[in-house]
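# Summary of structural features
Each chain is listed here by its residues.
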Amino acid sequence: MRQAAKNEAVLTFLSRSANEGFARTAAASFVAQLDPTLDEVNDIKTAVSEAVTNCIVHAYPQALGKISLRLRLYGDNTVEIVVKDTGVGIADVDKAREPLYTTGDEARSGMGFTIMESFMDGVKVRSVPGKGTAVTLVKRIARRAGVPA
Ligand SMILES: Nc1ncnc2c1ncn2[C@@H]1O[C@H](COP(=O)(O)OP(=O)(O)OP(=O)(O)O)[C@@H](O)[C@H]1O
Ligand SMILES: [Mg+2]
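Residues numbered from 1 in each chain as written. Chains lettered and ligands numbered in written order. Predicted model: local features only at pLDDT ≥ 70, side-chain atom pairs only at ≥ 80, totals over all residues. Heavy atoms only, no water.

## Some words on the packing of aromatic side chains
Geometrically, a pair of aromatic rings is defined through the distance of the ring centres and the angle of the planes. What counts, and what does not: Two aromatic rings, drawn from Phe, Tyr or Trp (for Trp, its six-membered ring), form a pair once their centres lie within 6.5 Å of each other, and the interplanar angle then sorts them: stacked below 30 degrees, edge-to-face above 60, tilted otherwise. Each residue is placed in one exposure class: buried if its accessible area under a 1.4 Å probe, protein chains only, is under 20% of its type's maximum, exposed if it is over 50%, and partly exposed if it falls in between.
For the coordinates displayed, the defined rule picks out one aromatic pair. Ring geometry for F13 versus F22: centroids 5.9 Å apart, planes at 85°, classification edge-to-face. Among the residues examined, F22 registers a relative accessible area of 40% and is labelled partly exposed.

Put into structure tokens, the structure is as follows:
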């Protein structure tokens with residue numbers, strides 16, 4: 001089993017589009033304590049933005065719902081971020097993860113999961129139709145001189 005988290009934060013917010021920026025900035029701010037590079041922070045912001053946008057657009061298409069963002073830091077300099085909704089869920093997760101697959105309108109390109117995968121070291125998707133979806137994003141931050149372990 002994985003060791004206990006060194007630090008943890010949980011945020012819950014409504015699926016309003018304004019909260020996409022809030023979630024992205026909150027994740028970047030929490031991760032800052034590991035002294036990441038600008039590239040590492042931008043990777044995390046991009047992945048969180050894609051996951052939260054999916055909740056806003058797909059999980060709750062008709063109404064507002066709740067989204068939770070759980071951030072955890074581990075002793076091996078790994079960040080684990082879970083973006084969770086209790087919306088419509090995904091019937092076929094493997095299909096949803098394929099590049100260019102979308103159930104959205106022409107504004108969507110079907111690249112969200114592919115982007116998450118390319119910017120993070122791990123992406124796990126658990127979903128139950130009618131109950132909701134949890135996307136776990138993992139990234140290892142390179143250790144830098146002057147940052148205590
Ligand atoms: N949280 C979610 N709840 C319900 N369905 C989801 C959720 N996240 C993703 N999906 C489903 O998975 C599909 C693929 O998601 P992905 O983010 O890769 O592409 P997209 O959102 O359609 O387009 P893009 O992200 O490029 O704008 C979505 O079209 C949607 O059907
Ligand atoms: Mg998307």
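Back to the text.
## Brief notes about the pairing of strand β4 (residues 122–128)
Looking along a regular strand, one sees the side chains alternate between the two faces of the sheet. Stated formally: Numbering of helices and strands runs from the N terminus, with a helix taken as a DSSP run of H or I at least four residues long and a strand as a DSSP run of E at least two residues long. Note: two strands are recorded as paired if DSSP finds a minimum of 2 bridges between them.
The side-chain alternation of β4 yields one buried face, formed by V123, V125 and S127, and one unburied face, formed by G122, K124, R126 and V128. Of the strand pairs in this sheet, β4 and strand β5 (residues 132–140) are connected by seven bridges, and their pairing is antiparallel. Across the sheet, the residue bridging to G122 is V138, located in β5. Counted along the chain from β4 to the antiparallel partner β5, the turn is three residues long, and its residue G130 has a positive phi close to 85°.

## Some points on the site of ligand 1
The criterion, for reference: Here a residue is near a molecule or strand as soon as one of its heavy atoms is found within 4 Å of it. We define a polar contact as two N or O atoms separated by no more than 3.5 Å, with the added condition that, inside protein, one atom must be a possible hydrogen donor and the other a possible acceptor, whereas residues neighbouring each other in sequence contribute only through side-chain atom pairs. Per-residue and other accessible areas follow the Shrake-Rupley method at a 1.4 Å probe size, with only the shown protein chains counted as cover for residues.
Around ligand 1 sit 20 residues in total, of which H58, T102, T103, R108 and M111 are the nearest. M111 places a main-chain nitrogen or oxygen 2.8 Å from an oxygen atom of ligand 1. Here F113 contributes a backbone N or O atom positioned 2.9 Å from an oxygen atom of ligand 1. In isolation ligand 1 offers 600 Å² of accessible surface; the protein chains occlude 94% of this area. Of all the secondary-structure elements, those providing two or more residues to the shell around ligand 1 are α2 (38–59) and α4 (112–119).

## Considering the packing of α2 against α4
As a reminder of what qualifies: Orientation is described by lines fitted to C-alpha atoms, with helices fitted over the stretch in contact, and by angles between N-to-C directions that extend from 0 to 180 degrees. Here roughly perpendicular refers to angles of 65 to 115 degrees, roughly parallel to angles under 35, roughly antiparallel to angles over 145, and oblique to all remaining angles. Two helices that cross are described as forming a left-handed crossing if the nearer one is turned anticlockwise from the farther one by less than a right angle, and a right-handed crossing if clockwise. Two residues qualify as a contact provided that any one of their heavy atoms is within 4.5 Å of a heavy atom in the partner residue. Asp, Glu, Lys and Arg are counted as charged, while Ala, Val, Leu, Ile, Met, Phe, Trp, Tyr, Cys and Pro are counted as nonpolar; the rest, among them Gly, fall into the polar class.
Contact geometry of α2 with α4 gives a least axis separation of 9 Å together with a crossing angle of 155°. When the interaxial angle is binned, α2 and α4 end up roughly antiparallel. Of the two possible hands of crossing, α2 and α4 adopt the one that is left-handed. Contacts between α2 and α4 involve D43, T46, A47, E50, A51 and N54 on the former and, on the latter, G112, F113, I115, M116 and F119. Each residue belonging to the contact of α2 with α4 can be placed in one class, and the counts come to six nonpolar, three polar and two charged.

## Points about the sheet that holds β5
Spatially, the five strands line up as an open sheet ordered β1-β2-β3-β5-β4, and their pairing is antiparallel. Here the strands that pair on one side only, and so sit at the sheet edges, are β1 (7–14) and β4. Between one strand and the next, the sheet's axes are offset by a mean angle of 10°, whatever the strand orientation. Pairing geometry for β1 and strand β2 (residues 66–73), over eight bridges, is antiparallel. When the bridges of β2 are listed, T12 appears paired with S68. Its contacts with the sheet place helix α1 (residues 18–31) against β1, β2 and β3 (78–85), and it is angled at close to 175° to β1.

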